[in-house]
Amino acid sequence: MRMTGGGDAEKARLAAADAGETPWRAWGPYLAERAWGTVREDYSADGDAWAYLPYEHSRSRAYRWSEDGMAGVCDLEQTWCLGLALWNGQDDALKERMFGLSGPEGNHGEDAKDYWWYVDSTPTHSWMTWRYHYPQRRFPYEELVAENARRGHGDPEYDLLDTGIFDDNRFWAVTVDYAKAGPHDILMSITVANRGPDEATVHVLPTLWFRNTWAWELPGHPVPVITARDGALYAQHDVAGPLTLAGDGSPQALVCDNETNAPLLFGSADRSACPKDGINDHVVHGADTVNPGGTGTKASLHYTLTVPAGQERVIRVRLAAGTTKPDTSTSYDEIMHARKAEADAFYAALTPAGATADEALVLRQSIAGLMWGKQYFHFNVERWLHGDPAGPVPPATRLAGRNAGWEHFNARDVISMPDPWEYPWFAAWDLAFHCVAIAHVDPEFAKRQLILMLREWYMHPSGKLAAYEWKFDDVNPPVHAWAALRVFLIDGGTDFEFLSRVFTKLLINFTWWVNRKDSEGNNVFEGGFLGLDNIGPIDRSAVLPGGAHLEQADGTAWMAMYSLNLLEIALRLAQHDRSYEDLATKFFEHFAYIAAAMDEQGLWDPNDEFFYDVLH
């Protein structure tokens, strides 16, 4: 189902971006909703990522590799970030990022406890909508942690709604709409609706900051600056250039530094008198923790809104490249309405004839989830293992721990992620499935994503694909050949350069599977986080005692499918280049070997008429 008909404005933007004419994808929702508790930020000796940088540290501690926030956007290199902070006047801290339980805290593992939705997005992010429900009462952080800790695996999760915090509808419905006036000019409309029965006050802080790239380097490394002047924020970065953020009305500009509050967290010297939590402490506690000179690397436009029951208020914000204060009045509404209408036309053309209004909405919000799931992922494993020039040497135990064998891995890319909060890092086989869906609206992005996972700075020199950040060494089903075929066909079945490029790298990966995951050389495969995921009676990623190994029915079936996928790719390429015919024959034969082995090696039970794993 390829898009035809209307939606011409968004299609034109995609075409211009694909041709390298206009960088419409340069700014997008690439800011994750969780950077704390990730492997990248873990510099511990024991590999306990959740404990090393917990949620409680996130507002006071500068991240090393990437940033997080709410309703956030950034550029492709995440040099700068724009997000939203809120305060209901009751909490002990600003709401700057989504709260959730770590893996050990949740009775069912990691678990976000806020409520937010990805409502809309076009592929170029020319139009996006995000919504969040923020309690007017004090957020029950401690209650959520304590009650979920009390519950066992067999009990239901204890969620925010269970606390009664939303009784009487005492919450703020916060909607953020983004519209691009140009590739480097974005409008941010923030609507706060008081759903409660009484008048209430809320603090709204659209916030601009630079990802900290300087604290880890030797003295002399360039430090960007944001300056508050004339009711706007003027930012200067040696790579991204100048940016200006302006808002309507008369907000108070607050500026601090995106630096760790070292005295608070570690009892050591501070790099800044106004560290990362300076705006938080000033707004919530009235502390003298923002820079009176109005310069720093993190800044907010502070609005205090008192809204009657059942009413709403709108804040207009605009971020643009350059040093000119962007307009938030004259053409603002016109641009917002135009981008919304163009998004409507784009999705109307995509929606199958005869679809109900509900079905059309499901399609549109499903795509929105995929679009908002594109995140900037930054991870240089060699530097992570050995330490930064300005930092301490990491514990030696890390050199034999998680991801130690992947020193070639060096990522700083926008990637389709499983989830911006729960899994804010790529997972190779999840991404393959995402690309099949994304190809219906942005085939070029889908193709580039599949190629990215096969590039030399991702793929291991042995030919293995990195599984996911938590454990690159894990083994996931080989679905990239299938995904590449689907994306190729959805895109019209004409981009043979893409298909050949993918095929060449998949040959290396297929060889890794044959050499590394068929321990007896009998065309039956084992090991890894495969078809039964993590619910099997035996941990498929663990080394079994006594030299035993598990020959897997599903792992072997995946390899049979892999052979057929590569066979089909070879046949399609052979229509244009006969040299691929030999490879087609090779993969046909390999499929036959695997199919025969599943019977000969005892995986098939004729009585149950079912394939089973075999423990050797």
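For the structure, see preceding data.
Here goes a summary of the coordinates provided. If you're wondering where the values come from, they're calculated on a predicted model, not measured in any experiment.

Rules used throughout
- Residues numbered from 1 in each chain as written.
- Predicted model: local features only at pLDDT ≥ 70, side-chain atom pairs only at ≥ 80, totals over all residues.
- Heavy atoms only, no water.
- Phe/Tyr/Trp six-rings, centres within 6.5 Å; stacked < 30°, edge-to-face > 60°.
- Buried < 20%, exposed > 50% of the residue type's maximum accessible area, 1.4 Å probe, protein only.
- Lys NZ or Arg CZ within 6 Å of the ring centre and 35° of its normal.
- Helix = DSSP H or I, 4+ residues; strand = E, 2+ residues; numbered from the N terminus.
- Expected span 1.5 Å × (residues − 1).
- Pairing = 2+ DSSP bridges.
- Contact = heavy atoms within 4.5 Å.
- Axes fitted to C-alpha atoms, helices over the stretch in contact; angles between N-to-C directions.
- Polar contact = N/O pair within 3.5 Å; in protein donor to acceptor, adjacent residues only side chain to side chain.
- Parallel < 35°, antiparallel > 145°, perpendicular 65-115°, else oblique.
- Left-handed = near helix turned anticlockwise from the far one by under 90°.
- Nonpolar A, V, L, I, M, F, W, Y, C, P; charged D, E, K, R; others polar.

1. Thoughts on the packing of aromatic side chains
Evaluation of the coordinates by the stated rule reveals 42 aromatic pairs. Taking the centre distance of 5.2 Å and the plane angle of 90° together, the rings of Phe-346 and Tyr-347 count as edge-to-face. A relative accessible area of 0% places Phe-346 in the buried class. Among the aromatic residues, those joined into a ring-pair cluster are Trp-65, Phe-377, Phe-379, Trp-384, Trp-406, Phe-409, Phe-426, Tyr-458 and Phe-472. The lysine or arginine in question, Arg-13, covers the ring of Trp-24, its NZ or CZ lying 5.6 Å from the ring centre.

2. Looking at helix α14 (residues 553-574)
End to end, α14 covers 31 Å across 22 residues, agreeing with the expected 32 Å (1.5 Å per residue, within 8%). Within α14, 16 of the 22 residues are buried, which leaves the element mostly enclosed by the surrounding structure.

3. Some thoughts on the sheet that holds strand β14 (residues 252-256)
As summarised here, the arrangement of the six strands in space is β1-β2-β3-β10-β16-β14, forming an open sheet in which the pairing is antiparallel. Pairing within the sheet leaves two strands with one partner each, and these edge strands are β1 (27-28) and β14. Pairing of β14 with strand β16 (residues 298-307), which is carried by five bridges, proceeds in the antiparallel orientation. Paired with Ala-253 across the strands is Leu-301, a residue of β16. The strands touched by helix α6 (residues 278-285) within the sheet are β3 (80-87), β10 (200-210), β14 and β16, with β14 carrying the most contacts at an inclination of about 135°.

4. Overview of the side chain of Arg-25
As for its position among the elements, Arg-25 is in the loop between α1 (8-18) and β1. Taking the relative accessible area as the measure of exposure, Arg-25 reaches 10% and is therefore buried. A polar contact of 2.6 Å, which involves the side chain of Arg-25, links it to the side chain of Asp-18. Apart from the residues within four sequence positions on either side, Arg-25 is in contact with Leu-14, Ala-17, Asp-18, Tyr-30, Leu-76, Lys-180, Asp-442, Glu-444, Phe-445 and Arg-448.

5. Focus on helix α13 (residues 496-516)
In an α-helix, one turn spans 3.6 residues; hence positions three or four apart end up facing the same way. Taking 1.5 Å as the rise per residue, α13 with 21 residues should run 30 Å; its terminal C-alpha atoms sit 30 Å apart, in good agreement. Listed as buried for α13 are Phe-498, Leu-499, Ser-500, Val-502, Phe-503, Lys-505, Leu-506, Asn-509, Phe-510, Trp-512 and Trp-513. Turning to α13, the residues buried within the fold contact α11 (443-454), α12 (480-490), α14 and α15 (581-600).

6. Digging into the environment of Asn-410
Tracing the sequence through the fold places Asn-410 in strand β19 (residues 410-416). When its relative accessible area of 36% is taken as the criterion, Asn-410 is described as partly exposed. On a C-alpha basis, the gap between Asn-410 and Asp-539 in space is 29 Å, while along the polypeptide they are 129 residues apart. With residues near it in sequence (within four places) discarded, Asn-410 still touches Phe-379, Asn-380 and Trp-457.

7. Structural notes on unusual backbone geometry
Keep in mind that most residues, glycine aside, have a negative phi and that most peptide bonds are trans. Even without a glycine there, the phi angle at Asp-230 is positive, about 55°. Its identity is not glycine, yet Asn-523 carries a phi of approximately 65°, on the positive side. Looking at the secondary structure, you find Asn-523 in the loop between α13 and β20 (550-551).

8. Looking at the pairing of strand β8 (residues 171-182)
β8 sits mainly inside the fold: eleven of its twelve residues count as buried. Bridging between strand β7 (residues 127-135) and β8 involves nine bridges; their strand directions are antiparallel. Paired with Pro-135 across the two strands is Phe-171, which belongs to β8. Sheet topology note: the β8/strand β9 (residues 185-194) ladder contains ten bridges and is antiparallel. For Gly-182, the partnering residue across the bridge sits in β9 and is Asp-185. Turn length for the β8-β9 hairpin, with the two strands adjacent in sequence and antiparallel, is two residues.

9. Some details on the packing of α13 against α15
Close contact between α13 and α15 brings their axes to 14 Å; oriented N to C, the two are set at 30°. Relative to α15, the element α13 lies roughly parallel. Handedness of the α13/α15 crossing: left-handed. Residue-level contacts link Phe-503, Leu-507, Phe-510 and Val-514 of α13 to Leu-583, Lys-586, Phe-587 and His-590 of α15. Residues belonging to the contact of α13 with α15 are distributed by class as follows: six nonpolar, one polar and one charged.

10. Re the packing of α11 against α12
Each pair of packed helices can be described by the angle between their axes along with the distance between the axes. Their axes nearest at 10 Å, the elements α11 and α12 cross at an angle of 160°. Considered as vectors, α11 and α12 are oriented roughly antiparallel to each other. Relative to α12, α11 is oriented so that their crossing is left-handed. Between α11, through Pro-443, Ala-446, Lys-447, Leu-450 and Met-453, and α12, the contact on the second element is made entirely by His-480, Ala-483, Ala-484 and Val-487. In terms of residue class, the contact of α11 with α12 is made up of seven nonpolar, one polar and one charged.

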